Amino acid sequence: MSDIKFGKQYGFSTRAVHTGNDIDSESGAIRRPIIMANSYALPYDPTDLNWSEAGKSLYTRNGGANQGYLQEKLAILSEAEDCVVLATGVAALSSILFTLLKSGDHVICSNVSYIAVYRLLTEHLPNKYGIEATLVDTSDLEAVRAAIRPNTKLIHIETPGNPTLNISDIDEIANIAHENDALLSVDNTFASPYNQLPISLGADLVVESLTKYINGHGDAMGGAVLGPKAIIDEIKAEAMVNLGGAISPFNAWLIMRGAVTLPLRMKQHNENALKVAKYLESLPCVSFVAYPGLESNPQYKVAKKQMINGFSGMISFGLNTDFDTHNAFVSNLKVITSAVSLGHDESLIVFLGPKDERQYLYPDEFNNGFFRFSVGLEDAEDIIEDIRQALTKVKLL
Ligand SMILES: *Cc1c(COP(=O)(O)O)cnc(C)c1O
């Protein structure tokens, strides 16, 4: 990637606009086109080609034009040497686990992590492949140190964690990993590279669900792994080509377009979420608010240290009420939509009830059911008014 025109000497917004785009040599268009091709022309003598090689323009599962452009942009925005983009965030997470681990290896993982990682590490990898995993509260550095074993190859953390917003200290955990010859991977989906740069804090690998903030418009799925070229090459060859989670060129193009406005959108998400979190915190009917940007949050200091531009748009909160009133509250919302996913333009809320099998891993205040709330780009006043009127309808205000 030595010929990148908009590299690190430019600011984040300039890189978000320009990196990965260029004048199309064929048409003269100032936008690179979407290349919806499965195959690329072979050389005169194709018999020496390695069909399992990644990066070559050969077959879109080995690497295609639009994937390449997006990889360029994401690597530059994340201050990473290289990047691989895949079909989903989960494809990105599993590409790390399947490429880096083998039978007999041990992984330490945040006890609050994306459900697919939880499932892979507690069931599939131990039962089918003999890979051991320990789930720990990675906000507790002593607990991380205590979980290290001679065969620990990887520490995987999610910060802020989905859905409790638990914060783990990236810099300190990177030191623990490296002192023990392990790698640190960080799921940065909740923060996005605008708010947090794990590689510059010492992490080896970063995962982003592009489905969320980076695309930002709720209309395409994708995932990325960022890190040193040697590891990314391995992930491309093993996971992209042979496990096959390639992203479609169209989705790569949509995400590329979405990523242009990432800094603008994140500013608004950061601002709106802080206003909404403060409003929720002021209400007697709200039992707790988990938002790392509140000074009352016990993890505020660590969050402030590593989240450079703001605390992102994700909040979890509880209500002092019975089970059904939670659903009634949501049914009265007009601006905020009840749906999974997060980081979209519109505000999204999910009621995560007390039956979630991972409740035992959450702090006590989450045990009566709680809301995961992705604060969108609407006017903060309208979001707050929507919450107020819905709480009034269910007689909590
Ligand atoms: C959504 C999400 C993922 C998974 O991403 P998909 O694109 O849905 O596969 C991984 N990690 C976190 C923190 C997420 O929120």
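Residues numbered from 1 in each chain as written. Predicted model: local features only at pLDDT ≥ 70, side-chain atom pairs only at ≥ 80, totals over all residues. Heavy atoms only, no water.

Q: Looking at this model, I keep getting lost on the pattern of salt bridges. Mind explaining?
A: Pairs may arise between side chains of opposite charge once their charged atoms sit close together. One pass over the structure, following the stated rule, counts 10 salt bridges. Asp169 is the salt-bridge partner of Lys305, the closest N and O atoms lying 2.7 Å from each other. Of this pair, Lys305 sits in helix H11 (residues 300–306) while Asp169 sits in the loop between strand S4 (152–158) and helix H6 (170–179); the two residues are 136 residues apart in sequence, bridging distant segments of the chain. For Glu385, the salt bridge is made with Arg388, and the minimal N-O distance between the two is 2.9 Å. Taken as a pair, Glu385 and Arg388 lie in helix H13 (residues 380–393) at a separation of 3 residues, close to a single helical turn. (Salt bridge = Lys/Arg side-chain N within 4 Å of Asp/Glu carboxyl O. Helix = DSSP H or I, 4+ residues; strand = E, 2+ residues; numbered from the N terminus.)

Q: Where do I start with the pairing of strand S6 (residues 205–209) in this structure?
A: Residues in a regular strand point their side chains to alternate faces of the sheet. The element S6 is largely enclosed, with a buried count of 5 among its 5 residues. Pairing of strand S5 (residues 183–187) with S6 involves 3 bridges; the strand directions are parallel. Opposite Ser185, over in S6, you have Leu205 as the bridge partner. (Buried < 20%, exposed > 50% of the residue type's maximum accessible area, 1.4 Å probe, protein only. Pairing = 2+ DSSP bridges.)

Q: Teacher, can you tell me more about the site of the ligand here?
A: Not every one of the 16 residues close to the ligand is listed here, only the nearest: Gly89, Asp187, Ser209, Thr211 and Lys212. One of the side-chain nitrogen or oxygen atoms of Ser209 is found 2.9 Å away from an oxygen atom of the ligand. Here an oxygen atom of the ligand and a side-chain polar atom of Lys212 are 2.9 Å apart. Computed on the free molecule, the ligand has an accessible area of 380 Å², of which 95% lies beneath the protein chains in the complex. The greatest single-element share of the shell around the ligand, amounting to 3 residues, is contributed by helix H3 (residues 89–100). Split into classes, the residues belonging to the shell around the ligand amount to 6 nonpolar, 7 polar and 3 charged. (Near = heavy atom within 4 Å. Polar contact = N/O pair within 3.5 Å; in protein donor to acceptor, adjacent residues only side chain to side chain. Areas by Shrake-Rupley, 256 points an atom, 1.4 Å probe, with all protein chains shown as cover. Nonpolar A, V, L, I, M, F, W, Y, C, P; charged D, E, K, R; others polar.)

Q: Just to check I follow, could you spell out the nonpolar core for this structure?
A: Buried together is how nonpolar side chains tend to be arranged in soluble globular proteins. Ranked by size, the top nonpolar core spans 40 residues in total, and within it Leu70, Leu74, Val85 and Leu210 carry the most contacts. Mapped by element, the contributors of at least two residues to this core are helix H1 (12–18), helix H2 (65–77), strand S1 (82–86), strand S7 (223–227), helix H9 (249–259), helix H10 (262–281) and strand S8 (286–290). Those residues in contact with Val85 that sit more than four places away from it in its chain are Gln67, Leu70, Gln71, Leu74, Leu210, Gly223, Ala224, Met240 and Ile247. Core analysis: the next-biggest nonpolar cluster, separate from the first, contains 36 residues, Val286, Ala303, Met307 and Phe311 among them. (Core = buried A, V, L, I, M, F, W, Y, C linked by side-chain atoms within 4.5 Å. Contact = heavy atoms within 4.5 Å.)

Q: Can you walk me through the sheet that holds strand S2 (residues 106–110) in this structure?
A: Strand pairing in a sheet relies on backbone hydrogen bonds, with the paired strands running either antiparallel or parallel. Read across the sheet, 7 strands follow the order S1-S7-S6-S5-S4-S2-S3 without closing on themselves; strand pairing throughout is mixed. Of all strands in the sheet, those with a lone pairing partner are S1 and strand S3 (132–136), marking the two edges. Taking each pair of neighbouring strands and ignoring which way they run, the sheet shows an average axis angle of 20°. The sheet contact formed by S4 and S5 spans 5 bridges and is parallel. Within S5, the residue paired with Ile155 across the bridge is Leu184. (Axes fitted to C-alpha atoms, helices over the stretch in contact; angles between N-to-C directions.)

Q: Explanation requested: the pairing of strand S12 (residues 370–374) in the structure shown.
A: The buried count for S12 comes to 5 of 5 residues, which makes it a mostly enclosed element. Along S12, one buried face is formed by Phe370, Arg372 and Ser374 and the opposite face, lined by Phe371 and Phe373, is buried too. Sheet topology places strand S9 (residues 314–319) next to S12; 4 bridges connect them, and they run antiparallel. Looking at S12, one finds that Phe317 is bridged to Phe371. Strand direction decides the pairing type here: strand S11 (residues 348–352) and S12, joined by 5 bridges, are antiparallel. Each residue of the ladder has a partner; that of Leu352, found in S12, is Phe370.

Everything listed here is a matter of coordinates, which is why it stays silent on function.
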